[in-house]
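So you can see what is in the structure, the chains are spelled out below.
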Amino acid sequence: VGDVGLAGVTLFIDANLNGVFDAGELSTVTTANGSYSFANLGPGTYRVREVRPNVSIQTTPNPADIQASSGNNVFEVDFGNHRHRAIVIGMGKSAMSPQLVTVLDEEDGAILSEFAPYGSSFLGGVRIGTGDLTGDQVDEIVTAPGWSIISQVQVYAQSGVLLTSFQPYGSTFSNGVQVAVADVDGDGLGDIITVPSWGPSQVKVFRNVLVNGNPTFDTAHPYRNFLAFPASFIGGSAVSAADMGSISPLSGRFENTLDQKAEIIVGSNAGMKTTVKVFDVSQVNSSATEVQVITPFSTSAFNYQGGVSLATARINNDLIPDIVLGAGVNGGSMIDVWAWSNTAPATLASTSSNGNGFAAFTDSSKNSPIQVTAMDTNGDDISDTIVAVQGPGGTTDRIVAFNIISESPLQVSPAITVSSRFLGPLFVAAIKNPSPALHFVDPPVPNANPVNVANLVSLSELPATGRLVSAGVYSNLQNPLDVDNDGTVSPLDILLVINWLNKSDRPTQNEILADHPRFLDVNNDGFASPIDVLIIINHLNNHSTKTTLNSVNGEGEASTSASDAYFSQLGNASDEISVDSERRQQLTRIRRLSSLPTRL
C-alpha cells in the first residue's frame, strides 16, 4: 500500500535458490505500471525474486515459493519497493569547525557522505541547495558560504567531489549567499538562483551549460538579475524555485499552466513585514515579473517581521508545486503550506485551518528560526513529509520529520526524530534523486516462506541479555544513544549498560528494577544486551567530533578502552550494526550482525 508501480524492474526465477540473478535463469521486466508475468511455465515449485532497483529498499517480504499446477494461473506475487530517501544538512554559523555538509539517510539518520566545502577554519555557516545539474537524473549539492569570506558558490557530487564553482557577486562580496536549483529556461538542466543573505535582495539567475559533462555558469552575463525588494531593505532574503505556471499570452495574467520553466520565490529575512514574492522570469522582454505576493504568519492585527525559510514541493494532488514556509526569529517554530488556487488568475492561500500552520519545536528555544524542506517518500511525486531543523539559538539539535496526514486543511503527525546528534544551527534540503554511489545500509529482506529463525540469528548463541519490559519504554526517544539522558553521548552511557548486564541480581523477564537507568535499550528491541553497548561504541568511534563540544579526542579514546575491557572476554565483537533509532516503526527490520560473540 502506498507504493507506486515501478517500470523496468527485473524479476527472475531463482532456480538454484541462492537469491542472486544468475546467468541462464528465466527473467522478465516490469511494464510501465509495474506489472510482470512469466508465461508457459510447467507444473512445479518456483521461487520468484527481484533485482532490487538502484537506491531503493524492498518494503515487502519475499513471496512464498509458488506451487504451480497444470492449467492454472497464479496472481498477486507482489514486491514492494521505495527509493531510499536522503537529506543534506549544512552547518550554520557557529564556533564549531570544520563546517560540514552531511548527506544523511532520512529514515535512520545514518551518515552517507560528509565534506567541508570551505575548509577547516571557516565558521560562517554553509547554505545548501539540491537539484540535477548534469542531466543524469542524480541530484548535485550546491553550497554557498555565510558571511565572512568571499561568496563562492560550489557544486558537488553527493560523494563530496567538487564539480565547479563561481562567484555570483564578484571577488569582493562577502555578505553570504542563499541558493536554489531549478530549470528556469526549460532545457531540462537545473540552473542556479542566488540572493544575498545580507544586503539588498539582488536575485541572480545563472543558466547551466554543460561542458564535457560538467555544469558551467556565465557570471558576467546572468540570465536574470533583479531586486526582489526595495533597495532600502538590506536584511537579505531566502530563495526557492519551481515551475508553478505561466503568464497567459491572451490575458496577461499568471495562471497555473505549467511551461517547464521555473518561477522564483523570494522571502524576506527579518527586518520588514515578512513577505514572500513569486516572480515569472520566462518573459523575453522582462527580467522578472512579480506575479504573487503573500505575507505569511501575519494577521490583521499583527505584522510578523521575523523572516522566513522556503521550500517548494507538490503537497496536494494537483500538478502545481506549493510553497512550504518556516517561520524565522520569534515565529514560534511555525510551519505552513500555501497552495495555488488553480484559477485564473492564480492565487496562493494558506492550507492551515488556523492560517498559521503548526509548531515544529515547542521547547524553550521555539522562537529560534527554522529551516524546512519537503520529501516524497513513496515515489508518486507528491511530498508527504516535511523536515525541519533549528537555526541560530536552537538548542534541541534535532532533525525532525512530520508525515502529512491531510493536505487541506493541513494536518501532520507528531514529530519523528530523524537524528539528534548534529549540533545546530543547521540548514536542510531534500535530495530527490540519491546517488547510487551512496552506501545505504539495507536490512535483510524477510521471506514469506517458513524460515527457522535460529538459522539467521540463534538467540541461544547471543550474549546474555537483560529483559526490560517492552520495547520503547526503556529507549530514549530524543536520542536512543543517550542512556543517562544528560544531553550528550559519552562512555558513561556505555558503562551504565555494561553495569546492568554484569548485575548478578538482574531482574527476570517479568520483574522491574526500580533504580536502574531508564534508557538502557538503545536499539529499542525490548532488551538490554551487548548489542546496545556496541551501538554506542561504534557511534563514539565514528562520530566523536559531533557528540559534545568538549575534548575532540577524549570520547573516542575512552570508548575504545571500554570496548577492549568488556569484549576481551568475548572474542571478535560485532563490527557492523545497522541502527534504526525510532524511524519507520511500521517496518520491522532485522539488524545486520556479523561475527556475533558466542557467549559471555
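Here we summarise the structure given alongside this text. (Residues numbered from 1 in each chain as written. Predicted model: local features only at pLDDT ≥ 70, side-chain atom pairs only at ≥ 80, totals over all residues. Heavy atoms only, no water.)

Re the pairing of strand E34 (residues 399–407)
For step 1, the next point in the chain: As paired strands, strand E33 (residues 385–390) and E34 are joined by 4 bridges and run antiparallel to one another. Paired with Val387 across the two strands is Ala401, which belongs to E34.
For step 2, the next point in the chain: Pairing analysis gives 3 bridges linking E34 to strand E36 (residues 416–419), with the strands arranged antiparallel. Residue pairing across strands places Val400 opposite Thr417, the latter belonging to E36. (Pairing = 2+ DSSP bridges. Helix = DSSP H or I, 4+ residues; strand = E, 2+ residues; numbered from the N terminus.)

Points about the sheet that holds strand E10 (residues 111–115)
For step 1, the next point in the chain: The strand order across the open sheet formed by 4 strands is E10-E9-E8-E37, and the pairing between neighbours is antiparallel. This sheet does not close on itself; its edge strands, each paired only once, are E10 and strand E37 (426–431). The mean inter-strand angle of the sheet, taken between neighbouring strand axes irrespective of direction, is 20°.
For step 2, the next point in the chain: One ladder, built from 6 bridges, connects strand E8 (residues 86–91) with E37; its direction is antiparallel. By the bridge assignment, Ile87 is partnered in E37 with Ala430. (Axes fitted to C-alpha atoms, helices over the stretch in contact; angles between N-to-C directions.)

Observations concerning the nonpolar core
For step 1, the next point in the chain: Ranked by internal contacts, the top residues of the largest apolar core, which has 23 residues, are Met244, Leu310, Ile323, Leu325 and Trp340.
For step 2, the next point in the chain: Every element with two or more residues in this core is listed here: strand E21 (237–242), strand E25 (276–280), strand E26 (289–294), strand E27 (308–313), strand E28 (322–327) and strand E29 (334–340).
For step 3, the next point in the chain: Not counting residues within four places of it along the chain, the set of residues in contact with Leu325 comprises Val276, Ile294, Pro296, Phe297, Val308, Ser309, Leu310, Met334, Ile335, Asp336, Trp338 and Val372. (Core = buried A, V, L, I, M, F, W, Y, C linked by side-chain atoms within 4.5 Å. Buried < 20%, exposed > 50% of the residue type's maximum accessible area, 1.4 Å probe, protein only. Contact = heavy atoms within 4.5 Å.)

A short note on the environment of Met244
For step 1, the next point in the chain: By the element assignment, Met244 lies in the loop between E21 and strand E22 (246–247).
For step 2, the next point in the chain: For Met244 and Asp259, which are 15 residues apart along the polypeptide, the C-alpha to C-alpha distance reads 8.4 Å.
For step 3, the next point in the chain: If we ignore the near neighbours within four places in the chain, the residues touching Met244 are Phe254, Glu255, Asn256, Leu258, Glu263, Ile265, Thr312, Ile320, Pro321, Asp322, Ile323 and Trp340.

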